[in-house]
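# Coordinates in review
The lines below spell out each chain.
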Amino acid sequence: MQKIIKKNEHIGNSEKENITVAAVDFIPAWGDLEGNITRLADAVEKIGQEGIDYAVFPETATCGYLFRSYQEISPFLDTIPGKTTAALLPLLKRYNLYISVGIAERDLESGLAYNSAVLLGPEGIIGTYRKRGLNSQDQRLFAPGNSETTVFDTALGKIGLLICYDDTYWQYARLLALKGAQIIGWHSVSDRIMPNAAPSERVGDHSTIAHVQHISALNGVWSICATRSGIETNPLTGAELYYNGGSSIWAPTGEKVLQAPVIPPEELASGLNGIYRATIKPAEADVYRDAILARRRVQLYMPHLALHRAPDDANATQERRQVLLSAAQWPKESSLLDKVSVQKNQLLVLPAFSTIADPHSETEIFAAAEEQGGSFETKISQIAAKGGGYVVGSYPEIEQDRLYHTVVLAGPAGNILGRYRATHLDASDKGWAVAGDHITVVETSIGRIGLALEYELAIAELGALYTVERADIIAAPARLPLSLKVEIDAALYSTVNPPTGRANYYPYAAATLHQVWVVCGGREESGFTSSAIYGPEPIVLTPALLAKEGESVLQSEMIVPAPDSWISQERLIHGQAAIWFPPLVQD
């Protein structure tokens, strides 16, 4: 049964500034190019009659996805322009409608197949994007995308396109944001393993749609995320995948506007299965996007974020070991530093401003400032030495006439192993702190530890620098709970007690996008906490852990580096297409 879900969020006074967008659940019939084009035309007709301005369709909507090889999918490829565009363009002109749709594309010159999305409008073919983030299934069929990262200037606003597994990489959405995108259309077939799959297959289970919050949250753009539902069967092999639905629309704040239901495996008829629509103001993205981009520190990224990295980087930790990861949880009104202790193979991360209560004013910060080697560094060094573990905290550091927000790591020998001065200041620190000029990664007996402050992880480039340096853990002292939470539907998780509505979003995103453990000591406030341990695969293998109310220390035995799942830091690095990354290190 077709579903139309509406959510109107009129922002501003001028109706001309608002447009209606839709994420479309469309189910193609496997290997039926001609039939699917007809079904797409029927769906476009329905969408046009609904008065929608821009609709996003799923990936490979013209033929399906579950193919074994190029030879198997080859008869069902289309060109751009081709049969699909010829059938849809007259309808778009009739209804003054824009759409982007996933097409398994044959390149006329090379004959290669590309996993593509094409943006179409009343004026014709506006542009094509070819998927770069190819997963293991894509690599059987499609060549790596060779189209530019383009933001298309339309009558509705500035629109960029991404496809499914592209969202594993923070870089692609950022490249669009740097070119002024207001809306990103994301096209997916977010698949899950079948319930009867072997236990060995479950570690590879994941839901791509569960990762899309970062597209908006880290870039300040609207994202329209379309995926499909139902079971797909390859009739030649009997292989099955099921698609769990959950198409969604996200605001530039990183908050969810609307989401389709998440469904269990079921056979569904091909064709239009749902229209999930909202009214948005594209220009609203400009304020949020520009504020995020203004915090970038390009000089820190040059040239590191533009270089190709071998997956077998010699800096990477080779030996896995059991480590006790720990996050202190303190009330906002006080410091509990005098009660802190550690043990061997333990990493304990304290809240930010570890010597005082969470500060209400710059006066309190100035009063707590001290030089390197002062009472705070001495204290945590003594704690680390006594227990034979590692302690991380932060304090306002004074050097001559400058103040820094400095994170320090003390080790089991009773010395300071590393210092990091916050590099990506936000409004709370800019009034008093000077920005640091480098990141810090320390090789220790429990892994490679990077230092940061939790709020800085809102800037994806910082976490990416730690990936380049092959950090295993980011120790990130936190202040009070952040306003932006994980809003991913709890039904998309296989793990128990998912963090939806509770966990701070930025450290959560940093863990999965950069494939590191993120440990945040933090404080409690109004039933929420900043004290948490975030794993790199939160959907199945390494669920986020949050301190319980009144719990002084959250701790858990973890494997460092994190165990392999459908993705790892090594595979993440190997899958990056660095040839596209130079704009990341340019003003």
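The model shown is predicted, which means the values in this text are computed figures rather than measured ones.

### Here's the deal with the sheet that holds strand β11 (residues 222-226)
Strand order in the open sheet formed by six strands is β7-β8-β9-β11-β14-β15, with mixed pairing between adjacent strands. Here the strands that pair on one side only, and so sit at the sheet edges, are β7 (152-153) and β15 (256-259). Across five bridges, the pairing between strand β8 (residues 158-163) and strand β9 (residues 183-187) is parallel. Among the inter-strand pairings, L161 is bridged to a residue of β9, identified as G185. Helix α5 (residues 170-178) rests against β8 and β9 of the sheet, and its axis sits at about 170 degrees to β8.

### Structural notes on the confidence of the model for the chain
Across the chain, the average pLDDT comes to 95, with 97% of residues at or above 70. Within the model, pLDDT remains below 50 along residues 8-15, and this stretch shows 13 contacts once partners closer than five positions in the same chain are excluded.

### Let's talk about the side chain of N244
Within the secondary structure, N244 is located in strand β13 (residues 240-244). Accessibility expressed as a relative area gives 1% for N244, which makes it buried. At a separation of 3.4 Å, a polar atom in the side chain of N244 contacts the side chain of R192. One polar contact links N244 to S207, side chain to side chain, over a distance of 3.3 Å. Among residues more than four places away in sequence, those in contact with N244 are S190, R192, S207, I209, R228, P261, V262, I263 and L492.

### Details of the nonpolar core
In this structure, Y54, L325, L347, Y508, V518 and Y534 are the most contacted members of the largest nonpolar core, which totals 135 residues. A per-element tally of this core places helix α14 (residues 505-514) first, with seven residues. When we break this core down by domain, the ones giving at least three residues each are domain 1 (19-295) and domain 2 (322-580). In this structure, V24, A41, A55 and L272 belong to the second largest nonpolar core, which totals 24 residues.

### A few points about the domain arrangement of the chain
On domain assignment, one finds that the chain holds domain 1 (19-295) and domain 2 (322-580). Taken together, the contacts link 38 residues of domain 1 with 38 residues of domain 2. Taken over both partners, the interface formed by domain 1 and domain 2 buries close to 3200 Å², and the fraction arising from carbon and sulfur atoms is 59%. The largest contributions to the domain 1 side of the interface with domain 2 come from W170, Q213 and R295, which together make up 23% of the buried area. At the surface where domain 1 touches domain 2, the tally comes to one salt bridge. Among the salt bridges present, the one from E461 reaches R174, with a minimum N-O distance of 2.7 Å. At the boundary of domain 1 and domain 2, one finds ten residue pairs in polar contact (both at pLDDT 80 or more). For the side of domain 1 that touches domain 2, the secondary structure elements donating two or more residues are α5, α7 (213-217) and β15.

### Focus: the UniProt feature "domain: CN hydrolase" (unreviewed entry) in the chain
According to UniProt, the "domain: CN hydrolase" (unreviewed entry) feature falls on residues 19-282 and 312-560. Within residues 19-282, the helical portion is 21% and the strand portion 32%, while the C-alpha atoms at the span's ends are 8 Å from each other. This span, residues 312-560, is 17% helix and 30% strand, and a straight line between its end C-alpha atoms measures 17 Å.

### Details of the environment of C520
With respect to the helices and strands, C520 occurs in strand β25 (residues 517-520). Note on C520: relative accessible area 0%, which makes it buried. Expressed as a C-alpha distance, the spacing of C520 and V392, which sit 128 residues apart in the sequence, is 9.7 Å. In contact with C520, other than residues within four places in its own chain, are A327, V349, E454, A476, A478, P507, S530, S531, A532 and Y534.

Parameters at a glance
- Residues numbered from 1 in each chain as written.
- Predicted model: local features only at pLDDT ≥ 70, side-chain atom pairs only at ≥ 80, totals over all residues.
- Heavy atoms only, no water.
- Pairing = 2+ DSSP bridges.
- Helix = DSSP H or I, 4+ residues; strand = E, 2+ residues; numbered from the N terminus.
- Contact = heavy atoms within 4.5 Å.
- Axes fitted to C-alpha atoms, helices over the stretch in contact; angles between N-to-C directions.
- pLDDT = per-residue confidence, 0-100.
- Buried < 20%, exposed > 50% of the residue type's maximum accessible area, 1.4 Å probe, protein only.
- Polar contact = N/O pair within 3.5 Å; in protein donor to acceptor, adjacent residues only side chain to side chain.
- Core = buried A, V, L, I, M, F, W, Y, C linked by side-chain atoms within 4.5 Å.
- Domains from an automatic or database assignment.
- Buried area = accessible area lost by both parts, 1.4 Å probe.
- Salt bridge = Lys/Arg side-chain N within 4 Å of Asp/Glu carboxyl O.
- UniProt positions renumbered as here; feature names shortened; annotations may be inferred.

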